[in-house]
Every structure is written in C-alpha cells, then in structure tokens.
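If you want the building blocks of each chain, they are given just below.
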Amino acid sequence: MPVILGIESSCDETSASICADGKILSNVIANQTIHEAYGGVVPELASRVHQQNIVPAVQQSIVNAKISKNDIDAVAFTRGPGLLGSLLVGVSFAKAFALARNLPLIEVNHMQAHVLAHFIDEPKPSFPFLCLTVSGGHTQIVLVKDYFNMEIVGQTNDDAAGEALDKTSKILGLPYPGGPMIDKYARIGNPNAYQFPEPQIPGLDFSFSGLKTAILYFIRDNTRLNPNFVQDNIADICASVEKRIVTILLNKLKKAAQQYDVKDVALAGGVSANTGLRNGLKVLGEEMAWNTFIPQFQYCTDNAAMIAIAGYYKYLKGDFVGQDTAPLARMPF
Ligand code: KG4
Ligand code: ZN
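Predicted, not measured: the structure shown is a model, and the values here were computed from it.

## What to know about the coordination of the zinc ion (ligand 2)
Those protein atoms acting as donors to the zinc ion (ligand 2) are His110 (NE2), His114 (NE2) and Asp302 (OD), and they sit at 2.0 to 2.2 Å. Mapping the donors of the zinc ion (ligand 2) onto the primary sequence yields the spacing H-x3-H-x187-D. Residue His110 and its partner His114 are located together in helix α3 (residues 110–116), separated by 4 residues, close to a single helical turn.

## As for the state of the cysteines
Taken as a whole and judged by the stated rule, the model has 0 disulfides. Cys300 provides the cysteine sulfur closest to Cys19, a residue in no disulfide bond, and the two sulfurs are 18 Å apart.

## A word on unusual backbone geometry
With an omega dihedral of -10°, the bond running from Glu122 to Pro123 counts as a cis peptide bond. Locating Pro123 in the fold gives a position in the loop between α3 and β6 (129–134). Between Tyr176 and Pro177 the backbone carries a cis peptide bond, its omega angle lying at -5°. Tracing the chain through its elements places Pro177 in the loop between α4 (161–171) and α5 (178–186). Of note, Asn102 is a non-glycine position whose phi angle comes to about 60°, a positive value. Mapping Asn102 onto the fold places it in the loop between α2 (84–101) and β5 (105–109).

## Considering the domain arrangement of the protein
What the domain assignment lists for the protein is domain 1 (3–116 + 299–317) and domain 2 (124–294). Residue-level contacts link 19 residues of domain 1 with 19 residues of domain 2. Roughly 1600 Å² is buried in total at the junction of domain 1 and domain 2, and carbon and sulfur atoms are behind 74% of that figure. Contact with domain 2 buries area across many residues of domain 1, yet Met111, Val115 and Cys300 alone supply 36% of it, more than any other trio. On the surface where domain 1 and domain 2 come into contact, there are 1 residue pair in polar contact (both at pLDDT 80 or more). The element that contributes the greatest number of residues to the side of domain 1 that touches domain 2 is α3, accounting for 5 residues.

## Re the environment of Gln60
Here Gln60 shows up in helix α1 (residues 43–64). Take Gln60: its relative accessible area is 37%, and that puts it in the partly exposed class. In the structure, Gln60 is positioned 58 residues away from Pro2 in sequence and 19 Å away in space, judged by C-alpha atoms.

## Observations concerning the sheet that holds strand β4 (residues 74–80)
What holds strands together in a sheet is hydrogen bonding between their backbones, with the strands either parallel or antiparallel. Strand order in the open sheet formed by 5 strands is β3-β2-β1-β4-β5, with mixed pairing between adjacent strands. Each edge of the open sheet carries a strand with a single partner, namely β3 (23–31) and β5. Adjacent strand axes in the sheet meet at a mean angle of 20°, parallel and antiparallel pairs treated alike. Here strand β1 (residues 3–8) pairs with β4 via 4 bridges, running parallel. Looking at the pairing, Gly6 lines up with Ala76 of β4. The strands touched by α1 within the sheet are β1, β2 (13–20) and β3, with β2 carrying the most contacts at an inclination of about 25°. This element, α2, spans β1, β4 and β5 of the sheet and lies at about 160° to β4.

What counts, and at which threshold
- Residues numbered from 1 in each chain as written.
- Chains lettered and ligands numbered in written order.
- Predicted model: local features only at pLDDT ≥ 70, side-chain atom pairs only at ≥ 80, totals over all residues.
- Heavy atoms only, no water.
- Donors = N, O, S within 2.8 Å, 3.2 Å for Na, K, Ca; no water.
- Helix = DSSP H or I, 4+ residues; strand = E, 2+ residues; numbered from the N terminus.
- Disulfide = S-S within 2.5 Å.
- Domains from an automatic or database assignment.
- Contact = heavy atoms within 4.5 Å.
- Buried area = accessible area lost by both parts, 1.4 Å probe.
- Polar contact = N/O pair within 3.5 Å; in protein donor to acceptor, adjacent residues only side chain to side chain.
- Buried < 20%, exposed > 50% of the residue type's maximum accessible area, 1.4 Å probe, protein only.
- Pairing = 2+ DSSP bridges.
- Axes fitted to C-alpha atoms, helices over the stretch in contact; angles between N-to-C directions.

Okay, here's the thing in structure tokens:
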C-alpha cells in the first residue's frame, strides 16, 4: 500500500497531496494572490512565494491525510513543463525530502498529470480515450492509450484557450485571473449577443490569436461609439466570447473522436473548470453517445493530487529518477 507525497509548483499554485494506494487523502493548494496587482503571473515573485508556501503546504497535507511523515514511501514532483524558477522550488524540496528520508523520487510531467486526474475518482475512463487538455499554457487533444502512453493529436499553433480567456478579461478590465471572471459573467449573459469568428485551421489543431485580435478590435470600435460599452454589456460580451471558445474546442474534439473512433472523451486542465465548457461537453456527449469524464473542480486547476496519482502509477512500475534530475521548462510527453 504505497503512500506517495505529491508536489506541484509549476506556475503560481503551491500544492501538496498524499495518495495512499491510489486514493487521495489530502490535496492542499496555496494560491498566490500577489500576482493580482500585476494582471498576470510574475515568475520571480511566484518562485519566492513558493519558497514561503512549500513547507506549510506539505505539513498541512500530512496533517489532513492523518498520517505521519514516516508513512511516506515515495515523493512525486512536477518536473515540467512550467516556469523554471517555480519548478525549481518544488523539485529542490522533493529532492531534499527524499534524500533526508532515503525515499525514491518520481518525476511527473504536468500535462500528463492533468490527464491522469481522471484516475482519482470513479468512474474512470477506459483506454484508449481522448482528453481535451486546456489550461493557461496549453490546448491539446491527447489520445491516451495507457497511463504513460499518450499522443498529442491536436494542439494550438499560438495562444492557449486559457490565455485567450485571460487576455480577453484583461481587455475588458476584469481582475486577474480572467477565466473564472468570464465564467461568472457568462452565466448571466446572452451567448448569441455578439458573433466572433471561428478560425479555419485544418486538421485537429487550434489557433486563438486571431480571435483575440477580433475581440480587441470589437471592443475598441464599440467603445468609440459608447464609452460605457463594456460596462453596459459585460455579461453579454463574456457569454459570447465563452461560447465561441467552447465551440472551437468542442468542434475539434468531435472531429478527433470521429477520426480515432473513440467513445470515451474527457476534459482536463484549468479551463475544464469552465461551466460553459463542462455543460457543452455533456450536451455533445449525449448527442454523440460518448461516455464523458470531467474531473472534480479541485482536480481541474493546478493541484498536487494529480501529481500524486501519476506518481502512484509510476511507483507501481518502479519508475524512479535520481537526485541529479533537473526541472524542465519545456518537457515533451
Ligand atoms: O491548469 P491551470 O490551473 O494552470 C496552467 O497549467 O496553466 O489553468 C489555468 C487557466 C487560466 O487560464 C484560467 O483563467 C483558467 O485556467 N480557468 C478558467 C476557469 N478557472 C480557471 N477558465 C474559464 N473558466 C473557469 N471557471
Ligand atoms: Zn496546469
């Protein structure tokens, strides 16, 4: 019954989790509010706050799991991709903890971990399944053949979907992080109030930079006519932008499921916390007779439970790394 300590620090959340025999016993997430004043994550500040948060987060994860640190059998950590200074804090902590207690170390790819969040709760998807992984830095359609055998069959050529949401919210003058704010306003707006273009990208790839420019010009032109245009129409703008982003994502997912003849379809990553996307997948899933899978809210955005569960499956394979393992800002599957 292996007990795994999972550590996540790739961006601006410091998180620690305990997983015992494939069950998550705790998942502590320390959010960093310092970035709100800057409208985006400041890498140097993120790294410093990780240093302050990492020890209390790990301590709390052990307390919440009602175990002792002597019970821990291995330490799993996010090696990449992410901000190097942020990753360095988690990687250094994991190495020090493992060295001090003579424990094996397990490296985890953050993007694979978002997919493996589906193995935390029941029901679990069956292999092969498709996973649309949408976060602040990535937009990928992943064909998941096995726990660690994943193929990216479609991805963004420029901005990620989360980035498009965050940049739109910045244009609208909403506070950071933008995705949840757009979600909030979209719930009370008319999604058909404004039409934004759907990019014509061949195959299963995405592009969001043209959409971002279209939104920028739309706001600029309308604000010239009515200086209060954004304030007067914030809910309708958010609902219309969200609807376009969701249809872009789901149209490609539908195409991928047909191309690969897959019936189990999943959502992962921070943007999968979006209400419009979650509802959209459910509706499309019923229409296409898919089995759809969406992780619990707390396992969508960055968290260490997904690192701990990925670590658990690697532990079963005996897949360990040495103390010489360095973080990677870019890390292929
Ligand atoms: O996976 P994640 O927590 O961090 C990265 O690895 O990037 O994803 C963060 C992204 C941000 O772009 C954030 O705005 C978006 O997820 N996000 C949302 C919602 N919650 C988080 N986007 C739309 N609706 C939400 N409710
Ligand atoms: Zn993430």
